[in-house]
Structures are given as C-alpha cells and as structure tokens.
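Remarks on the overall topology
One-letter residues, chain by chain:
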Amino acid sequence: MLCGLWVAKNDNQVRGVMVAGSTALLIGAIWLTVYFVQQRNAGNHDAMLLTNSVMWFKPLNIAFSVGVDGISVVMILLSAIIVFTGTFASWQLEPMKKEYFLWFVLLSSGVFGFFISTDMFTMFMFYEVALIPMYLLIGVWGTGPKEYSAMKLTLMLMGGSALLVLGILGIYYFSGATTMDVIELARMHAMPKNIQNIFFPLVFIGFGVLGALFPFHTWSPDGHASAPTAVSMLHAGVLMKLGGYGCLRIAMFLMPDALEMWAPVFLVLTTISVVYGALSACVQTDLKYINAYSSVSHCGMVLFALVMTTQTAITGAILQMLSHGLMTALFFACIGMIYHRAGTRDVRYLGGLMKVIPFLAVSYVVAGLANLGLPGFSGFVAEMTIFIGSFENAGTFHRVATIIACTAIVITAVYILRVVGKILFQKIPNKKFFELHDATWDERFAIGCLIFCVAGLGLCPLFFENMIMDAVHPIFNHIITYIPNLGNL
C-alpha cells in the first residue's frame, strides 16, 4: 500500500490504492480468523500458529519472530476493520490526501507488526513505528490546538517508550537469556522475584501510558479531540489496545511473581481510571472530548480486568478491547461527520439533528447505546464478562474495587443519554442547520460496516470468546503457577 501510494499521481489513484489495499487487508484478516479456528478444531494446540523466526541482530539475539494466538487474531481483525472503514471515512479529506494516507498506512503497519510479533524487541520496534506518525497526522491534518495536542501526545508516549526500553532490556539481561522470544522467556522463567518487582512497574506503566492508565492519561483527550476522523478511529479503536495487549503479553506473562506486590497498586489506579474517565465525560461540552474521556474509562476497564487476574476477567479484557475498538470508531466517525456539516462539536450549539441528518443521528444513538452497555451490542458482552470475572476474585479488596468500578455503568448512561437528548431531539438552534445534508454513500458504507460489527459481536459473542479463551487459558495457567493465591491478596 505504501508503494502504491508513493507512485499515485492523483486523488482517484490514491483512493484506488487505499480501497484495494484495505479490502485485501480485511479479506486476509478474515481468512486468518477462519484458518485459525480450523486449525484449533483440527487439534493443533500449539501456543502460537503460523510461526517463523529470522535472526536480525545476533549480538543481542534480536529476531524477526512472528506468530499468532487467539488474542492476536482478533486484534488483527479489529485493525483491518478500522483501516477499511477509516479509508471511506476519509474519502473527502483535504488537503494533501496522498501524504495523509501515506502516514495513515505507516501507522497501520506498525499496529499489524506489533500484534504479530513474538520477539520483545521487534514488538517494541513496531510499537514505535505506530506512534511516530501520530505526531504528523494530528499536527498537520488535525483541528483546534493541534500542534499542542500532537506534541503532548508524542512526548508522553515517548516517555512511556523510555520505560519500556529499560523494562525489556532488564527482562533480557536478568533472565540470562539467549533469546528475546516471549514464549521462550516465559518457559525459562529465570528472572529472580526481587528483580521482577523492579522491572514490572516499568513495563506496565510504559504500556499503560498508551492504555490511558491514570494519571498518565492526559494526552489522550487532547489527542482525540484534535485528530482527523479516521486517525481518531484508529487511535482509539486500535492504537490504545497496544497498551493492554503489551501489559498482558510482556509484563504479566513474563513477570508473574511481581503481581503479588504490584497488583493492588495498579488495581487502585485502574479503578480510578474507570470512574474518573466516566465522571470527566459528564462535564465536557465538546463531543470529541466526551468520547475521549469515555475511552479513558473503557480502556481503564481493560487494565482493571487484567490486574484482577482471573481467567474470566482477562477474557473480558480482550473482549472489551475488541468491543471498544469497534464502538469508539463508530462514535468518532459519527462525530467527525457531524462536525464536518455543522461546523461545531459543542453540545451547547447543536440540536434537532434527528430532523435534518437522520442517518447520522440514528448512527450516533446506536454508538451511544453500545457505549452504555445495552444488551444486544458488544459493550454489554464485554462489560458483563469483566465484572463477573472480577467478582470471582475472592479478595475483599478486589470485590470492593469491582463494586466501585460498576458505578461507571450508571455514569456512562448519564452522559450518553444527556448528549443524545440535547443534540438530536431538542429545538434546532441555528437556521443554517436546515441546509445540512445527510451522510454520503461512502460515509453510510463505513458506518454501516461498524454497526454490523458492533451488533454482530453483541449478538454472537461466543465465536470470538472461544478464540480468546483459547489464548488466555495458557497465559492464566502460567501466571497462577507462580502465584496460586493471587485472588486472596
């Protein structure tokens, strides 16, 4: 796709490359999902499928190692869906369409590379590839205080990257390993507990910054609010999932002994993220800021479920990553399209949109209902799995934290229903709104695909839940091997 965009000479050729490339990505991701399920049904229970490894840098034993399990497969499918729908959501983008899509595809490449990597350093390299294009995509094509938002996002995520470098090198050297392969390092489990206690918070916070872990979340609302529509979709829908994925795959899987010391600390921080994000969304007036703080709450729920460390809760965390990726992409797509027409995202100056742009209005309602966890949509399945799994944890401290986090469900309903009522059903405040036109064919197609996915996951969750549980089970068993009484801390 990058090569095709590089040689494209006009907007139609750019669009053609993006449509062909994103369609091929989506077909490939669907094929991968079907193939993975067929292999599991045929009795292939290897930890990773489709593996390969090529040595890159022998002195540090860095290899280009790839492979997928159930978690990787659903994340790759999510990424392909967001890239595909983001292409159509950016159909009318101006200016410099070619340059915009070049950076967009590079960002997507980093995301895909991260999810298929099984070597720690290669995973980190793709992590950096996914972060760097965000600076230009927001700084050049964004809105509002875009330079400030782009710089803040980049500096905070680079700070997290610095912690990750220390953590990854600490795991490698103190394990006495001759490989950076994640599966092999977990099998060796050669890192002393006192050393794990030092490097676990570095890795968890390093990835947690991208997962909007309190108090390192402040880059997220500004970045969301200033980013172009498709970048917001990819940013919230996929990029923030790298945080939760890395916390599980690297921090918890490779340093399980340190959970005994650090789980209560991060449980407090993630509980604050869940409730604080929802409360902050209640007082915002900008539609993007409302959804951005909602994302802080929902991504906090992912990390919250991970540190609960029950098999059901971890499965719920991955489901929440998939669900939130779809529904927040739908939200940002609708918000971007409303802003393009109305010229404002301020709730105080919007109203009566159901009369003038009914398709976008109904789509916004669907996104809102999915966000607040209405049964039949993906949000309900994910959140119920998280809270049921969290309450399975026998510790009183854990159950109290679960009850506090559950209040976010009520708070979410408050801000979603308030905004829906205000911008869609109240009196039209501006006569110019009567001239607004509804969604075009490309916008309807993008939104329709996302609604289909949100409803599909909500109505038929077991297909994906079984894939996720297949991958979570060995990770969970590995963790409790070293901390069998984790639930009673």
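Since the structure is predicted, the reported quantities are computational estimates derived from the model, not experimental observations.

Each value, and the rule that gives it
The residue count restarts for each chain, going from 1 along the sequence in the order it is written. Two thresholds apply to this predicted model, a pLDDT of at least 70 for residue-level local features and 80 or more for giving and counting side-chain atom pairs, whereas whole-chain, interface and lining totals are computed over all residues. Excluding hydrogens and water, the side-chain figures rest on all heavy atoms present in the structure. The helix count covers DSSP runs of H or I at least four residues long, the strand count covers runs of E at least two residues long, and both are numbered beginning at the N terminus. C-alpha atoms define the radius of gyration in this analysis, and the globule rule sets the expected value at 2.2 Å times the number of residues to the power 0.38. Here the term buried applies to any residue with accessible area under 20% of the maximum for its type, exposed to any over 50%, and partly exposed to those in between, with areas from a 1.4 Å probe on protein chains only. In this analysis, two residues are considered to be in contact whenever any of their non-hydrogen atoms come within 4.5 Å of each other. In short, Shrake-Rupley with a 1.4 Å probe defines the accessible areas, and a residue's cover is counted only from the protein chains shown. Neither His nor the chain ends is counted toward charge; the positive residues are Lys and Arg and the negative residues Asp and Glu. Throughout, a charge is located at the NZ atom of Lys, the CZ atom of Arg, the CG atom of Asp or the CD atom of Glu. Interaxial angles span 0 to 180 degrees and are taken between N-to-C directions of axes, which are lines fitted to C-alpha atoms, for helices over the stretch in contact. Here the word oblique covers every angle except those under 35 degrees (roughly parallel), over 145 (roughly antiparallel) and from 65 to 115 (roughly perpendicular). Put simply, a crossing is left-handed when the front helix is turned counterclockwise from the back one by less than a right angle, and right-handed when it is turned clockwise. Amino acids are sorted into nonpolar (Ala, Val, Leu, Ile, Met, Phe, Trp, Tyr, Cys and Pro), charged (Asp, Glu, Lys and Arg) and polar (every other residue, Gly among them). By definition, two strands form a pair when at least two bridges between them are found by DSSP. Put simply, a salt bridge is a Lys or Arg side-chain nitrogen that is within 4 Å of an Asp or Glu carboxyl oxygen. By nonpolar core is meant a set of buried Ala, Val, Leu, Ile, Met, Phe, Trp, Tyr and Cys residues that side-chain atoms within 4.5 Å join together. Note on aromatic pairs: the rings of Phe, Tyr and Trp (six-membered ring only in Trp) are paired at centre separations within 6.5 Å, and the planes decide the class, stacked below 30 degrees, edge-to-face beyond 60, tilted for the rest. Either the NZ atom of lysine or the CZ atom of arginine qualifies as a charge over a ring when it sits within 6 Å of the ring centre and within 35 degrees of the ring normal. UniProt positions are given in the numbering used here, feature names are shortened, and annotations may be inferred rather than shown by experiment. Expected span, for any helix, means 1.5 Å times one less than how many residues it has.

Here's the deal with the overall build of the protein chain
Across its full length, the protein chain holds 20 helices and two strands. In terms of overall dimensions, the protein chain is globule-like: its C-alpha atoms have a radius of gyration of 22 Å, near the 23 Å expected for 489 residues. Each principal axis of the C-alpha distribution contributes one length, and for the protein chain these read about 70 × 55 × 45 Å. Per-residue burial over the protein chain gives 62% buried out of 489 residues. Taking contacts inside the protein chain between residues at least 6 apart in sequence as the whole, the part at least 24 apart equals 80%. Accessible surface, the protein chain as shown: approximately 17500 Å² in total, 69% of it carbon and sulfur. Between the centroid of the 24 positive side chains of the protein chain and the centroid of its 23 negative side chains there is a distance of 10 Å.

Quick notes on the packing of helix 6 (residues 146-174) against helix 9 (residues 219-226)
Between two packed helices, the angle of one axis relative to the other and the distance separating the axes together describe the packing. The N-to-C vectors of helix 6 and helix 9 enclose an angle of 140°; their axes lie 9 Å apart at closest approach. As summarised for this structure, helix 6 and helix 9 are arranged oblique, according to the angle between their axes. The element helix 6 and its partner helix 9 pack so that their crossing is left-handed. Side by side, helix 6 and helix 9 meet where Lys146, Tyr148, Ser149, Lys152, Leu153, Met156 and Leu157 of the first sit next to Trp219, Asp222, Gly223 and Ser226 of the second. Classifying every residue of the contact of helix 6 with helix 9 gives five nonpolar, three polar and three charged.

Quick look at the pairing of strand 2 (residues 62-68)
Among the seven residues that make up strand 2, six are buried, leaving the element largely enclosed by the rest of the structure. Counting the residues in the hairpin turn of strand 1 (residues 49-57) and strand 2 gives four residues, including asparagine 61, whose phi is positive at 55°.

Some thoughts on the pattern of salt bridges
If you walk through the whole model with that rule in mind, you get nine salt bridges. Here arginine 249 makes a salt bridge to aspartate 69, at a shortest N to O gap of 2.8 Å. Here arginine 249 is found in helix 11 (residues 241-254), whereas its partner aspartate 69 is found in the loop between strand 2 and helix 3 (70-89), with 180 residues between them in sequence. Note on aspartate 69: relative accessible area 4%, which makes it buried. A salt bridge links arginine 345 to aspartate 286; the nearest nitrogen and oxygen atoms lie 3.0 Å apart. Separated by 59 residues along the polypeptide, arginine 345 in the loop between helix 14 (311-342) and helix 15 (353-356) and aspartate 286 in the loop between helix 12 (259-282) and helix 13 (287-308) bring together distant segments of the chain.

Side note on the nonpolar core
Core analysis: the largest hydrophobic core is formed by 184 residues, its most contacted members being Phe200 and Tyr364. In contact with phenylalanine 200, not counting residues within four places along its chain, are Ala251, Met252, Met255, Ala258, Leu259, Trp262 and Phe266.

Quick word on the packing of aromatic side chains
All told, the structure shown has 27 aromatic pairs when counted by the stated rule. A centroid spacing of 5.2 Å and a plane angle of 90° characterise the contact between phenylalanine 463 and phenylalanine 464, whose relative ring orientation is edge-to-face. The exposure class assigned to phenylalanine 464 is buried, which follows from its relative accessible area of 17%. Geometry around tyrosine 339 places arginine 345 over its ring, the cationic atom sitting 4.9 Å from the centre. The ring centre of phenylalanine 359 lies 4.6 Å from the NZ or CZ of arginine 444, which sits over that ring.

Quick look at the environment of glycine 4
Tracing the backbone shows glycine 4 in helix 1 (residues 2-7). Considering only alpha carbons, one finds glycine 4 and alanine 177, 173 residues apart in sequence, at a separation of 41 Å.

A few points about the UniProt feature "domain: NADH:quinone oxidoreductase/Mrp antiporter transmembrane" (unreviewed entry) in the protein chain
Residues annotated in UniProt with the feature "domain: NADH:quinone oxidoreductase/Mrp antiporter transmembrane" (unreviewed entry) correspond here to residues 117-401. Annotation note: span residues 117-401, helix share 79%, strand share 0%, distance between end C-alpha atoms 34 Å.

Thoughts on the side chain of serine 323
Looking at the secondary structure, you find serine 323 in helix 14. By relative accessible area, serine 323 is classed as buried at 0%. Once residues within four sequence positions are removed from consideration, serine 323 is found in contact with Ser378, Gly379, Ala382 and Leu457.

Digging into the packing of helix 8 (residues 193-210) against helix 12
At their nearest, the axes of helix 8 and helix 12 sit 9 Å apart, and the two run at 30° to each other. One finds that helix 8 runs roughly parallel with respect to helix 12. Note that helix 8 runs across helix 12; the crossing there is right-handed. Of the residues in helix 12, those touching helix 8 at Lys193, Asn197, Phe200, Pro201, Phe204 and Ile205 are Leu259, Glu260, Met261, Trp262 and Phe266. Of the residues assigned to the contact of helix 8 with helix 12, the class counts are eight nonpolar, one polar and two charged.

Quick word on helix 13
Given a rise of 1.5 Å per residue, 22 residues ought to cover 32 Å, and the 32 Å separating the end C-alpha atoms of helix 13 matches this to within 8%. Most of helix 13 sits inside the fold, with 21 of its 22 residues counted as buried. Within two residues after helix 13, threonine 309 carries a phi angle of roughly 55°, on the positive side.

Some details on unusual backbone geometry
In this structure, proline 215 follows phenylalanine 214 across a cis peptide bond, with omega equal to 0°. Tracing the backbone shows proline 215 in the loop between helix 8 and helix 9. The backbone of asparagine 61 shows a phi angle near 55°, a positive value even though the residue is not glycine. Relative to the helices and strands, asparagine 61 is located in the loop between strand 1 and strand 2.

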